[in-house]
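Structural overview
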4 protein chains.
Amino acid sequence: MSARIHYKNLGKSGLRVSMVGLGTWVTFGAQTSDETAEEILTLAYESGINFFDTAEVYAAGKAEIVLGNILQKKQWRRSSYIVSSKIYWGGKAETEKGLSRKHIIEGLKGSLERLQLEYVDIVFANKPDVHTPMEETVRAFTHVINQGWAMYWGTSRWSPTDIMEAYSVARQFNLIPPVAEQTEYHLFQREKVELQMPELYHKIGIGTVIWSPLASGILTGKYDDGIPIHSRAALKGYSWLKDKILSEEGRRQQGKLREVAEVADRIGCSLSQLAIAWCLKNENVNCVLLGASNVDQLYENIQAVQVGWVNQLYENIQAVQVGWVGWGGASNVDQLYENIQAVQYISKLTPNIMHELDRLLGNKPKANRRDNVSR
Amino acid sequence: MSARIHYKNLGKSGLRVSMVGLGTWVTFGAQTSDETAEEILTLAYESGINFFDTAEVYAAGKAEIVLGNILQKKQWRRSSYIVSSKIYWGGKAETEKGLSRKHIIEGLKGSLERLQLEYVDIVFANKPDVHTPMEETVRAFTHVINQGWAMYWGTSRWSPTDIMEAYSVARQFNLIPPVAEQTEYHLFQREKVELQMPELYHKIGIGTVIWSPLASGILTGKYDDGIPIHSRAALKGYSWLKDKILSEEGRRQQGKLREVAEVADRIGCSLSQLAIAWCLKNENVNCVLLGASNVDQLYENIQAVQVGWVNQLYENIQAVQVGWVGWGGASNVDQLYENIQAVQYISKLTPNIMHELDRLLGNKPKANRRDNVSR
Amino acid sequence: MSARIHYKNLGKSGLRVSMVGLGTWVTFGAQTSDETAEEILTLAYESGINFFDTAEVYAAGKAEIVLGNILQKKQWRRSSYIVSSKIYWGGKAETEKGLSRKHIIEGLKGSLERLQLEYVDIVFANKPDVHTPMEETVRAFTHVINQGWAMYWGTSRWSPTDIMEAYSVARQFNLIPPVAEQTEYHLFQREKVELQMPELYHKIGIGTVIWSPLASGILTGKYDDGIPIHSRAALKGYSWLKDKILSEEGRRQQGKLREVAEVADRIGCSLSQLAIAWCLKNENVNCVLLGASNVDQLYENIQAVQVGWVNQLYENIQAVQVGWVGWGGASNVDQLYENIQAVQYISKLTPNIMHELDRLLGNKPKANRRDNVSR
Amino acid sequence: MSARIHYKNLGKSGLRVSMVGLGTWVTFGAQTSDETAEEILTLAYESGINFFDTAEVYAAGKAEIVLGNILQKKQWRRSSYIVSSKIYWGGKAETEKGLSRKHIIEGLKGSLERLQLEYVDIVFANKPDVHTPMEETVRAFTHVINQGWAMYWGTSRWSPTDIMEAYSVARQFNLIPPVAEQTEYHLFQREKVELQMPELYHKIGIGTVIWSPLASGILTGKYDDGIPIHSRAALKGYSWLKDKILSEEGRRQQGKLREVAEVADRIGCSLSQLAIAWCLKNENVNCVLLGASNVDQLYENIQAVQVGWVNQLYENIQAVQVGWVGWGGASNVDQLYENIQAVQYISKLTPNIMHELDRLLGNKPKANRRDNVSR
């Protein structure tokens, strides 16, 4: 077996995260049975993935329970993996939401109980809370870190200005600043990650963890002919996704996707693999969170790492410091995929292919053209 | 005469600026004769405009000289108006550019000498300088304020993250934070002012001064049939503007402009007036800088204030704090415009008209739609 | 029995360490049986040595286990001795190395478990980590001290600039600065301890603990005729030591060593004793860590203290504050050495002998000669 | 004429200094007549050199007087050049030396008077003062900057630990940290600039200005046959230089120099030019201060810039941001040198030549070899 995961520091922190992480949204405690969840987590861990992401809100806490049970059963060394959870929506009561001191502390305690852990590695604010003063939120995250309930804190879906405000408050009051932002990034949503996150990294060391590399499944191509009955867009509570797919913009994107699929064919990988590899090519991205509702899906997606990593290696001067872990066990499912000669498409996401994709998508973000005019 | 200028605080600072200011870019010391410049400045001042904006780079310092000479001649009370200048491009020597301590201090001293002033009210950084540490820049602006050479400092064409960094450094080292950002804003460039500046205002009190409300003249409609020989786009050094107008995107915009012009007709004002009034309707905007190469042009544009202000009054809860000054003198030029029944189109830029414009332009910025989904 | 250990403050901290400490590198859990380890530790403790140094990486954690078991068995008062461990290489997983917050916390917890201790007295960073921000590292050491898991923190093999950076970050953010640096020092490696550590002591109170006073055994003279089969240089993983000894520079050093051995003869002590006594003569050194793979070796080396201490007493104005503890028990092994009239060579490491050694070695570090020229 | 000076930021400050600067030590007010001094300064300025360095102690203040008179006469724009002076030895009285608040303030005022300037750009501490607390020194430099008498402050001949202490004190008390260190660097003295300054640059942004690129003239080869009667080593007060040259080490260096001269021959430049170009190849060096006792000497040395700059351009990714100024006037002296086809040796200081020089000199500094051993 040849796939390998490599590792990066999360932002400018000292935490080493695998370049792909495992998300538990929609799957653990919901779409996926507990047995399958265990298979998925095991494949991930044995493949060298060390970052498992969850949230208090996922499946109303059940995602954390399922993840906690598996970790408890497996007894992997606590220091060998990273668990993150997210706080914002904890319950129905008025005081069980948002980023107040009360909810950050109570919410995280609830997560730790469900996870059966003494601490998470990263606690994320699941979204900004305009009704709580930033000082209160930053003080509360600093508090839970000082209590030993978390190692680091981060943000999710915050604007660059929100993040800079948190940093500024941390500096002003000598509190602990955040280390990373979780944000959406895929072929059809590029601006924040490509234009704004690098600035945040260079100025204050914020790392980038991305979710939805497949645009909630849109980039798998499965909505090419409409909404399949068992797909996520058909789930209760996902009507926004259905609407998005069926919108004019959605149809336009399906058209582009067909062209992208041809590029994938040419390289010899699936559309999903290309979409994930494309995210990994962006050196500002520290970690791509993959979801999987079954082992085969995860397996296929891990292959994407191979599409990206060699170029990454050449392009990124820091890559020399990278460590490696080998593939773990080889289940039957794995053998099913042995024929896939992943090596064939390694390094095929060349600058030329990348430019072709940019042209095809027509959405490469650009900074204001007149920056050097002496107005 | 019925036109009235009203005033707003610049950001959350205590400085009261007229909602329209007078810019001197391209005009003073360049396109415009010194006599005309004096007429324009006089009309502006007498109309209640209290904010005159220039820069060390405009006409290589001549804009400041012309402005300084007029102020010297007129002998208006120094306390009755606001002068701002901008520092970045001061001279050809390697040390005469950028936002180093050396250039901020020497550049501002040069400006004060040319302006024959003891101090400016606001000194702006004309663009960000990635090669100078933010700490040095913020310390230098704080220094010139402490020396009494400026009352406030601001930024121009900085990203929200740049501005937040300046704020953060100011808070960390107990220095003086900036009060306002100068930025481009018009019918065809909306995102920064509509999405990002409000956040900066609410979080750290940054005000918004806008330039180019007519998109370098594009929104006057004068490029409808190409590039007129005496227009700005025909000037040496403005080939970027010519290219922009003649590009595919430029032609597409001209098409939209024709439709916008119909709306203006319907309301009963000129295209320029509508464009300026449209900027003023945005309550995040503290001041719109108008340029004028002759008095008529300025006069026409000041009328736009009337289109906008009444709605503003109703909509803006802060309007109760607003003060007024009457029209100043009524020159012959003024009488030329008496037929314009400004009152007729006051309050005609209704919510309906605004929505129609949004639909027509198709570029209303929107934040990520999924912000409230509990991912 | 006449040998005596005396004590010094560790840097400008209040912690009183014996001038010789016991290192466990290469020996405990590796070269040395558990029984011998116990004998050695017992001799050390009973001789007045109160400082036992280990690291999570030594023998992959076994050194800590052996040390912990002996301490558990012996039941000496916890307050009567000092245990230090070092964090950097904790395990094979990507997150089990370096000076990230995660690894400092998890690594130290692991050490405490293996040592069966509630806290160590000093936790050292085993080497600098250029990939983790200094702020994160200093915050994490402050955290573990605030949790009660360590009393002090220190550095090992850090450059003076690294140490000053840690100090600077601690002062800037009101965190706890380090108290001591562990560093290599012996007849053939002098510069850092003789030129740089005094500056760090005087400026910020950093103490100096030295290891390898015998240059990994080179200064015992045992490599005079090549690499003996049971020596450390013959061990797996020590090829760097073998290469060093057999290099041109290594052979040159062996030549000098023969001359140094003649000086030792003249004084009447062994080469090792002279080498250790020479380290102790340097008053900037707070503690010399000795390793020993058997009791005799330790015993011989402790004698070295006698060679040095009396002169020290006369020379060091702080010596009036020095406390003493007497020899502990006298085992048979001790009696074996009674013939050694340690008194004979006390005070023989005179200024003349020291100068002779300097001339012989030809490596006395010197600061730039022109420091007082008024360039 | 083809020589060009390029510019670099001084450390991480925003100040743009020419890569060669003009020193006035030994020359202005001493060896050199006022007329020659003016010729030299004029050639330097017109060649694009923008950095003139002096000190209160040089020729007991006369160097500053000569420099001030020339600047006064020439009337170049103050913003187009950089003047630095150094404080330490100001007079014979007990209170006229060192880095006390009293002497920094009084010393700098004296310098400004002699220079007939309102401010210097950089005020350097000419050496460390162990008898004044660092806090007093840093507060005093911050004070003179806040008074407008200097733009920046720096250090000269300070150890890395001294510099880090100044930085630490600045951060602790919110004072202004230094921007650059002036230090000796040439073929025979490498360690500080090659090993320690990069660390200071990366951690706290300190720049490196170097003096004595020709080792007080030793690297011109003029002492090859002893001490010529009119050389600097024959001057009163330079017996230390004479001693150095005639020492055993000095003679050994003369031997190496003969070999280096052969390399220079091969490249087609003089020994001095090679020595200066070699300094400029080190990308940690921001500025090399050249002295000159006549115009021809300066002219020859400026040529060295050509030897170095093209490689520099290729190797340094930041070089793309570099601006250029052309040669100024062409005096008769210049024409004398037109035959020197400087272009012939551009880019001849290749990696191979650099390695040959390293081998030849045998003094390339190296960091401790065992940094990655898990002791």
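Above this text you will find the structure in question.
Calculation notes
Residues numbered from 1 in each chain as written. Chains lettered and ligands numbered in written order. Predicted model: local features only at pLDDT ≥ 70, side-chain atom pairs only at ≥ 80, totals over all residues. Heavy atoms only, no water. Helix = DSSP H or I, 4+ residues; strand = E, 2+ residues; numbered from the N terminus. Buried < 20%, exposed > 50% of the residue type's maximum accessible area, 1.4 Å probe, protein only. Areas by Shrake-Rupley, 256 points an atom, 1.4 Å probe, with all protein chains shown as cover. Contact = heavy atoms within 4.5 Å. Salt bridge = Lys/Arg side-chain N within 4 Å of Asp/Glu carboxyl O. Polar contact = N/O pair within 3.5 Å; in protein donor to acceptor, adjacent residues only side chain to side chain. Least-squares fit on C-alpha atoms with pLDDT ≥ 70 in both. Axes fitted to C-alpha atoms, helices over the stretch in contact; angles between N-to-C directions. Parallel < 35°, antiparallel > 145°, perpendicular 65-115°, else oblique. Left-handed = near helix turned anticlockwise from the far one by under 90°. Nonpolar A, V, L, I, M, F, W, Y, C, P; charged D, E, K, R; others polar. Buried area = accessible area lost by both parts, 1.4 Å probe. Pairing = 2+ DSSP bridges.

Digging into the overall build of chain A
- Check the secondary structure of chain A and you find 12 helices and 11 strands.
- Among the 375 residues that make up chain A, the fraction classed as buried is 62%.
- Surface summary for chain A: the accessible area is close to 14,800 Å², and the carbon and sulfur share equals 48%.

Examining the interface of chain B and chain A
- Chain B puts 41 residues into the contact, and the matching count from chain A is 41 residues.
- Taken together, the connections running from chain B to chain A amount to four salt bridges.
- When the shortest N-O distance is used, the salt bridge between B:D162 and A:K203 registers 2.9 Å.
- If you look at where chain B meets chain A, you find six residue pairs in polar contact (both at pLDDT 80 or more).
- Within the residue set of the side of chain B that touches chain A, elements represented by two or more residues are α6 (160-172), β8 (180-184), α7 (191-204) and α8 (239-246) of chain B.

Some remarks on the relation of the copies chain D and chain B
- The two copies are related by a screw operation: chain D maps onto chain B through 91° of rotation and 0.8 Å of translation along the axis, at an RMSD of 0.1 Å. Such values leave the two copies arranged in the relation of a four-fold axis. Nearest to the rotation axis, the C-alpha of D:N174 is located 5.6 Å from it, this being the minimum over chain D.

As for the packing of helix α1 (residues 34-46) of chain A against helix α2 (residues 62-74) of chain A
Residue and element names in this part refer to chain A.
- Where α1 contacts α2, the two axes come as close as 10 Å, and the packing angle between them is 60°. By the criterion of interaxial angle, the relationship of α1 to α2 is oblique. In this structure, α1 crosses over α2, and the sense of that crossing is right-handed. Here D34, A37, E38, L41 and T42 of α1 come into contact with α2, specifically with V66, L67, I70, L71, K73 and K74.
- Residues belonging to the contact of α1 with α2 are distributed by class as follows: six nonpolar, one polar and four charged.

Thoughts on the interface of chain D and chain B
- Taken residue by residue, the interface counts 29 residues in chain D and 21 residues in chain B.
- Taking both partners together, chain D and chain B bury about 1,900 Å²; carbon and sulfur atoms supply 45% of that area.
- Counting the surface chain D buries against chain B, the share from its top three residues, D:S79, D:M151 and D:N174, is 26%.
- Taken together, chain D and chain B are joined by five salt bridges.
- In this structure, B:K109 engages D:E118 in a salt bridge whose closest nitrogen and oxygen atoms are separated by 3.0 Å.
- When contributions to the side of chain D that touches chain B are tallied by element, the ones reaching two or more residues are β1 (5-9), α4 (134-146) and β7 (150-156) of chain D.
- In the side of chain D that touches chain B, the residues fall into 11 nonpolar, 11 polar and seven charged.

Structural notes on the pairing of strand β9 (residues 207-211) of chain C
Residues and elements named next belong to chain C.
- In terms of burial, β9 is largely enclosed, as five of its five residues are buried.
- The side-chain alternation of β9 yields two buried faces, one formed by G207, V209 and W211 and the other by T208 and I210.
- Of the pairings in the sheet, the one linking strand β8 (residues 180-184) to β9 comprises five bridges and is parallel in character. Bridging from a neighbouring strand, E181 pairs with T208 of β9.
- Inspection of the sheet shows β9 paired to strand β10 (residues 287-290) by two bridges, in the parallel sense. Residue V209 lies in a different strand from β10, and its bridge partner there is C287.

Looking at the pattern of salt bridges
- In total, this model carries 70 salt bridges over all chains according to the counting rule given.
- Taking the shortest distance from any N to any O, the salt bridge between D:K102 and D:E106 comes out at 2.8 Å. Highlighted residues: D:K102 and D:E106, both in helix α3 (residues 101-115), separated by four residues, approximately one helical turn.
- Classification of D:E106 as partly exposed rests on a relative accessible area of 41%.
- Linking D:K364 and D:D358 is a salt bridge whose minimum nitrogen-to-oxygen distance equals 3.8 Å.
- Through salt bridges that share partners, A:R78, A:D121, C:K102 and C:E106 make up one connected network.

Things to note about the environment of B:I49
Residues and elements named next belong to chain B.
- For I49, the location among the structural elements is in the loop between α2 (34-46) and β4 (51-53).
- Look at I49 and you get buried, because its relative accessible area is 1%.
- Once you skip the residues sitting within four places of it in the chain, I49 turns out to touch I5, S18, V20, G21, L22, A44 and I302.

Structural notes on the sheet that holds strand β6 (residues 120-125) of chain C
Residues and elements named next belong to chain C.
- Strand order in this closed barrel of eight strands is β3-β4-β5-β6-β7-β8-β9-β10, and the pairing throughout is parallel. Averaged over all neighbouring strand pairs, the angle between strand axes comes to 30°, with direction disregarded.
- Relative to β10, strand β3 (residues 20-23) runs parallel, the two sharing three bridges. Across the sheet, G21 pairs through a bridge with L289, a residue of β10.
- Against the sheet, helix α4 (residues 134-146) touches β6 and β7 (150-156), its axis set at about 150° to β7.
- Strand contacts of helix α6 (residues 191-204): β8 and β9, with the helix running at about 160° to β8, the strand carrying the most contacts.

Focus: the relation of the copies chain B and chain A
- In screw terms, the move from chain B to chain A is a rotation of 178° and a rise of 0.0 Å along the axis, fitting with an RMSD of 0.1 Å. Classification of the inter-copy transformation places it as that of a two-fold axis.
- Here 100% of the interface residues in chain B have copies in chain A that are interface residues too; the copies meet face to matching face.

Don't take any of this as a statement about function, it's just geometry.
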